[in-house]
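# Fold and contact review
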Amino acid sequence: MRLRKASRRVTQIYDRGLEAAGLTVTQYGVLGQLRRHDGIGIGALAEILIMDPTTLTRSLRPLERQGLVTMQPDRRDRRSRCLHLTAKGSAAFENAIPAWRRAQQQLEEALGGAEAAALNAALDHVIERLAD
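Here we summarise the structure given alongside this text. All of these numbers come straight from a predicted model, not from anything done at the bench. (Residues numbered from 1 in each chain as written. Predicted model: local features only at pLDDT ≥ 70, side-chain atom pairs only at ≥ 80, totals over all residues. Heavy atoms only, no water.)

Tallying secondary structure elements over the chain gives six helices and two strands in all. Going residue by residue from the N terminus, the α and β elements of the chain occur as α-α-α-α-β-β-α-α. Taking the principal axes of the C-alpha coordinates as reference, the chain spans close to 50 × 35 × 25 Å. Out of the 132 residues in the chain, the part that is buried amounts to 30%. Of the contacts made within the chain by residues no fewer than 6 positions apart, 48% connect residues no fewer than 24 positions apart. With an accessible surface of roughly 9,000 Å², the chain has 51% of that area assigned to carbon and sulfur atoms. (Helix = DSSP H or I, 4+ residues; strand = E, 2+ residues; numbered from the N terminus. Buried < 20%, exposed > 50% of the residue type's maximum accessible area, 1.4 Å probe, protein only. Contact = heavy atoms within 4.5 Å. Areas by Shrake-Rupley, 256 points an atom, 1.4 Å probe, with all protein chains shown as cover.)

By secondary structure assignment, the location of Gln33 is in helix α2 (residues 25-36). Filtering out sequence-adjacent residues up to four positions away, Gln33 remains in contact with Leu45, Ile48 and Leu49.

A word on a positive patch on the surface. A grouping of Arg2, Arg4, Lys5, Arg8, Arg9 and Arg16 is seen on the molecular surface, where their side chains present a positively charged patch. On the basis of relative accessible area, Arg4 is assigned to the exposed category, the value being 57%. (Patch = residues over 30% accessible without salt bridge, like charges linked within 9 Å, V, L, I, M, F, W, Y side chains within 5 Å. Salt bridge = Lys/Arg side-chain N within 4 Å of Asp/Glu carboxyl O. Lys, Arg positive; Asp, Glu negative; His and termini not counted. Charge placed at Lys NZ, Arg CZ, Asp CG, Glu CD.)

By secondary structure assignment, the location of His125 is in helix α6 (residues 113-129). Judged by relative accessible area, His125 falls into the partly exposed class, the value being 44%. Considering only alpha carbons, one finds His125 and His84, 41 residues apart in sequence, at a separation of 31 Å.

Take helix α5 (residues 87-111) next. If you check α5, its first and last C-alpha atoms are 36 Å apart, about what 25 residues at 1.5 Å a residue would give, namely 36 Å. Residue Ile97 marks the point of greatest curvature in α5, where the axis turns by about 35°; the proline Pro98 follows within four residues. If you follow the buried residues of α5, they end up packed against α1 (2-18), α2 and β2 (81-85). Looking at the residues trailing α5, positive phi occurs at Gly112, about 95°. (Expected span 1.5 Å × (residues − 1). Bend = angle between axes of the 7 residues up to and from the residue.)

This structure, assessed with the given rule, holds one salt bridge. Across the pair Arg35 and Glu94 runs a salt bridge whose closest N-O atoms are separated by 2.1 Å. Separated by 59 residues along the polypeptide, Arg35 in helix α2 and Glu94 in helix α5 bring together distant segments of the chain. Relative accessible area serves as the criterion here: at 41%, Arg35 is assigned to the partly exposed category.

The biggest cluster of nonpolar side chains holds 29 residues, and the ones touching the most others in it are Leu31, Leu34, Leu60, Leu63, Val69 and Leu83. Those elements giving two or more residues to this core turn out to be α1, α2, α3 (42-49), α4 (53-65), β1 (69-73), β2 and α5. It is α5 that contributes the most residues to this core, seven residues altogether. Those residues within four positions of Leu63 in sequence are excluded, and the remaining contacts are Leu23, Gln27, Val30, Leu31, Leu68 and Val69. (Core = buried A, V, L, I, M, F, W, Y, C linked by side-chain atoms within 4.5 Å.)

In this model α2 runs 17 Å from its N-terminal to its C-terminal C-alpha over 12 residues, within 8% of the 16 Å that 1.5 Å per residue would give. Listed as buried for α2 are Val25, Gln27, Tyr28, Val30, Leu31, Gly32, Gln33 and Leu34. The inward-facing, buried residues of α2 contact α1, α3, α4, β1, β2 and α5.

Below is the structure:
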């Protein structure tokens, strides 16, 4: 329960910081990953983000409606869809970077630099150990 509570607090910090940019921290993460992995499938992106594909699809809908992301049929398998960051999506991500950095700084200041680094290391360890 502590981990879930801490996760919600951290999400609140980032969501408040990114609000002016019109994004949530989840949307920011999705756009950032699409920037790195243009043309990725929903399942593969969900795996990278450690999300359920159905949850990711729900998160993608507003981004698609806003013209930040497009879903195109995969050329190799028409049943699959590939995700692409649009020029508008790339601009929205770039615009949000300073807000994300401010939220990151706020979090690091609240925790202290050494504690933030130790927490990141511990979380990396937990993520690795709990992988399927």
